[in-house]
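Fold and contact review
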Amino acid sequence: MHTALTPPPIEIVPFEPSLREHFYTLNAAWLRKHFVIEPIDEQLLRDPEHAVLAPGGAIFFARLGDAVIGTCALLHEAPGVYELSKMGVDEAFRGLGAGRLLLAAAIAEFHRRRGHRLFLESNSSLKPALRMYGQAGFVLQPTIRTGSHYARADVYMIYAPEPGTAPGHET
């Protein structure tokens, strides 16, 4: 008798203190590869409990077995306004769907909190990520976000899915 050798499913889990280091290392890896770690990144990544969670945000992690392979944050900007941020997946595990699962979890949390505006800032060089965001219902805006915190941001997208197509939105 043969058993199929299938990898364990990717599991999305919320922040817990034991995962803090992964929030930093997963994000620092892609930031250093493509850009630099800016002061706002350092603040969010070094102290996620105070910089992300205390103001009303959320952090999610993607786990594959015992490995933490990805993360993303939902930052609470203002009442009903959230930013999708700090999305990173370990390069060795890209293509398995972890990014899409993390994105769906963040969007579901945005809906659960009854948010009315979800946005993200990114960079035009990150083509696969931008394609994924567009497929999830984020719409490219004609200009960058006024008051952007990131020097690298040259893309501003707002979540505006077609009716009935929002991932993670159960009615």
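Structure: see above.
A brief look at the structure comes next. (Residues numbered from 1 in each chain as written. Predicted model: local features only at pLDDT ≥ 70, side-chain atom pairs only at ≥ 80, totals over all residues. Heavy atoms only, no water.)

Examining the environment of Ile144
Note the following rule: Numbering of helices and strands runs from the N terminus; a helix is a DSSP stretch of H or I covering at least four residues, while a strand is a stretch of E covering at least two.
Of note, Ile144 is situated in the loop between β6 (138-140) and β7 (155-159). Each C-alpha atom of the pair Ile144 and Val68 lies 32 Å from the other, and the pair is 76 residues apart in sequence.

Let's talk about helix α5 (residues 127-135)
Since the α-helix advances by 3.6 residues per turn, residues separated by three or four positions end up pointing in the same direction. Test applied: Relative accessibility decides the category of a residue: with a 1.4 Å probe and only protein chains considered, values under 20% of the type maximum give buried, values over 50% give exposed, and everything between is partly exposed. What the arc covers is the set of directions going from the helix axis to the C-beta atoms. In what follows, residue pairs with any heavy atoms lying within 4.5 Å of each other are defined as contacts.
Along α5, the residues that are buried comprise Leu130, Met132 and Tyr133. The buried side chains of α5 occupy one side of the element, clustering within an arc of 160° when seen end-on. In α5, those exposed residues whose orientation departs by more than 90 degrees from the buried face are Lys127, Pro128, Arg131 and Gln135. Those residues of α5 that are buried lie in contact with β4 (81-89), α4 (98-112), β5 (117-122), β6 and β7. Gly137 lies just past α5 and shows a positive phi near 110°.

Digging into the nonpolar core
Stated precisely, the cut-off is as follows: The nonpolar core is taken to be a set of buried Ala, Val, Leu, Ile, Met, Phe, Trp, Tyr and Cys residues, with the residues joined through side-chain atoms within 4.5 Å.
Membership of the largest hydrophobic core comes to 29 residues, with the highest contact counts inside it found for Leu84, Met87, Leu103, Leu118, Tyr133 and Phe138. Elements that contribute at least two residues to this core include exactly β2 (58-64), β3 (67-78), β4, α4, β5, α5 and β7. With seven residues, α4 is the largest single contributor of residues to this core. Ignoring sequence-local partners within four residues, the contact set of Met87 consists of Asn27, Trp30, Thr71, Cys72, Gly99, Leu102, Leu103, Met132 and Tyr133. Core analysis: the second largest hydrophobic core is formed by 21 residues, Val13, Phe15, Ala73 and Leu75 among them.

Topic: the pattern of salt bridges
The condition is simple: The term salt bridge refers to a pairing of a side-chain nitrogen on Lys or Arg with a carboxyl oxygen on Asp or Glu at a separation within 4 Å.
For the structure on display, the rule yields 12 salt bridges. Residue Arg145 is joined to Glu121 by a salt bridge in which the shortest nitrogen-to-oxygen separation is 3.4 Å. With Arg145 in the loop between β6 and β7 and Glu121 in strand β5, this pair connects stretches of sequence that are 24 residues apart. Taken together, the salt bridges that share partners define one network made up of Glu38, Asp41, Lys86 and Arg152.

As for the pairing of β3
On any regular strand, side chains alternate: one points to one face of the sheet, the next to the other face. Where we set the bar: Two strands pair if DSSP finds at least two bridges between them.
The pairing of β2 with β3 spans seven bridges and is antiparallel. Looking at β3, one finds that Phe60 is bridged to Cys72. Linking two consecutive strands that pair antiparallel, namely β2 and β3, is a turn of two residues; a positive phi of about 65° is found at Gly65 within it. Where β3 lies against β4, seven bridges are found, and the strand directions are antiparallel. The residue bridging Leu74 from the neighbouring strand is Leu84, located in β4. Connecting β3 to the next strand, β4, in antiparallel fashion are two residues, including Gly80 with a positive phi near 75°.

Remarks on the packing of aromatic side chains
Selection rule: Aromatic rings from Phe, Tyr and Trp, with only the six-membered ring used for Trp, were paired whenever their centres fell within 6.5 Å, and each pair was classed as stacked if the ring planes differed by under 30 degrees, edge-to-face if by over 60, and tilted otherwise.
Counted by the stated rule, this structure contains seven aromatic pairs. Ring geometry for Tyr82 versus Phe110: centroids 6.0 Å apart, planes at 85°, classification edge-to-face. On the criterion of sequence distance, the pair formed by Tyr82 in strand β4 and Phe110 in helix α4 is long-range, its members being 28 residues apart. Judged by centre distance (6.0 Å) and plane angle (85°), the ring pair of Phe110 and Tyr159 falls under edge-to-face. Here Phe110, found in helix α4, pairs with Tyr159, found in strand β7; they are 49 residues apart in sequence, far enough to count as distant. For Phe110, a relative accessible area of 3% translates into the label buried.

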